[in-house]
Amino acid sequence: MFLSQKHKLLLGVVALLLLAFIGIKRSQSRPAYIAIDIRFQSITTNSAGVRLAQFDVQNNSSFPIERAWFSEIQIQTPTGWRTLTNIHQSHPVPGPAVLPGESEVTDVPVPTTASPWRVSFVYFEHERQFGALLRSLKNSLRQFGLPVENGTRAYAFSSDAVTP
């Protein structure tokens, strides 16, 4: 049994609508926030002689999360926190997942400042291959003017102040 072009097109449209419906429902059912606990662990020196601060990031969410490829080192000033430098860390997209109840340790260069400082990390829900497909589909639907939510929520979390 062979399908005509008309039937193939209809089947394709139905499949896209089904994927869009699943993606919209999935994005609506997710929690509205990510629960993360960031703790300063220690200062080490790597083999190149660079001083690194280690932070433990605990995922207290009910779903896997991943860290964005950028973060900030912020210093405390009399008027509040100011970004001292941006840190760009390369990793594959989607990045490595931190499962619920688990943690990851990440290193950042120690700033040369006499002021207290902290690190601000950005985390979002870990995107699996199906999630990447849904995001692509949602982008396509938005190009046709349909009001489809992106669904990717990113949150910045700052560590406690580290005193030099």
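Residues numbered from 1 in each chain as written. Predicted model: local features only at pLDDT ≥ 70, side-chain atom pairs only at ≥ 80, totals over all residues. Heavy atoms only, no water.

Q: Break down the overall build of the chain for me, citing the residues and quoting the values.
A: When helices and strands are tallied, the chain shows two helices and seven strands. Listed by position from the N terminus, the elements making up the chain come as α-β-β-β-β-β-β-α-β. Contacts spanning at least 24 positions in sequence make up 70% of the contacts within the chain whose residues lie at least 6 apart. A total of about 10300 Å² of accessible surface is found on the chain, and carbon and sulfur atoms cover 59% of it. (Helix = DSSP H or I, 4+ residues; strand = E, 2+ residues; numbered from the N terminus. Contact = heavy atoms within 4.5 Å. Areas by Shrake-Rupley, 256 points an atom, 1.4 Å probe, with all protein chains shown as cover.)

Q: Can you lay out the nonpolar core for me, pointing to particular residues and giving the numbers?
A: Membership of the largest hydrophobic core comes to 20 residues, with the highest contact counts inside it found for Ile-36, Ile-38, Phe-55, Ile-65, Val-108, Trp-117 and Phe-121. When contributions to this core are tallied by element, the ones reaching two or more residues are β1 (36-45), β2 (51-59), β3 (65-77) and β6 (117-125). By residue number, the principal contributor to this core is β6, which donates four residues. (Core = buried A, V, L, I, M, F, W, Y, C linked by side-chain atoms within 4.5 Å. Buried < 20%, exposed > 50% of the residue type's maximum accessible area, 1.4 Å probe, protein only.)

Q: Give a description of the packing of aromatic side chains that names residues and reports values.
A: Going through the model one piece at a time under the given rule, you end up with four aromatic pairs. The interplanar angle of 65° and the centroid separation of 5.6 Å between the aromatic rings of Phe-40 and Phe-55 together place this pair among those described as edge-to-face. Of this pair, Phe-40 sits in strand β1 while Phe-55 sits in strand β2, placing them 15 residues apart in sequence. Assessed through its relative accessible area of 35%, Phe-40 is described here as partly exposed. Look at Phe-55 and you get buried, because its relative accessible area is 0%. Ring geometry for Phe-55 against Trp-117: centres 6.1 Å apart, planes inclined by 80°, an arrangement best described as edge-to-face. With Phe-55 in strand β2 and Trp-117 in strand β6, the pair connects residues that are 62 residues apart, well separated along the chain. Judged by relative accessible area, which is 2%, Trp-117 ranks as buried. Site record: aromatic cluster; members linked through ring pairs are Phe-40, Phe-55, Trp-117, Phe-121 and Tyr-123. (Phe/Tyr/Trp six-rings, centres within 6.5 Å; stacked < 30°, edge-to-face > 60°.)

Q: Residues and numbers for the sheet that holds strand β7 (residues 154-158), please.
A: If you trace the four strands from one edge of the open sheet to the other, you get β4-β3-β6-β7, paired in antiparallel fashion. Of all strands in the sheet, those bounded by a partner on one side alone are β4 (80-88) and β7. The mean angle between the axes of side-by-side strands here comes to 30°, regardless of whether they run parallel or antiparallel. Looking at chain direction, β6 and β7 are connected through five bridges and run antiparallel. Within β7, the position partnered with Tyr-123 by the bridge is Tyr-155. (Pairing = 2+ DSSP bridges. Axes fitted to C-alpha atoms, helices over the stretch in contact; angles between N-to-C directions.)

Q: Break down the pairing of β2 for me, citing the residues and quoting the values.
A: Alignment of β1 against β2, held across nine bridges, turns out to be antiparallel. Counted as the bridge partner of Ile-36 is Asn-59 from β2. In textbook terms, the turn of a hairpin is the stretch between consecutive antiparallel strands, and for β1 and β2 this stretch comprises five residues, one of which, Gly-49, has a positive phi near 85°. Relative to strand β5 (residues 103-109), β2 runs antiparallel, the two being bridged by seven bridges. Bridge assignment links Gln-58 to a residue of β5, and that residue is Ser-103.

Q: Lay out the environment of Arg-67 with the relevant residues and their values.
A: Structurally, the position occupied by Arg-67 is in strand β3. Overall, the relative accessible area of 13% leaves Arg-67 in the buried class. Distance in space between the C-alpha atoms of Arg-67 and Pro-96 is 7.9 Å, their sequence separation being 29 residues. Polar contacts involving the side chain of Arg-67 include one to the side chain of Glu-104, which spans 3.0 Å. (Polar contact = N/O pair within 3.5 Å; in protein donor to acceptor, adjacent residues only side chain to side chain.)

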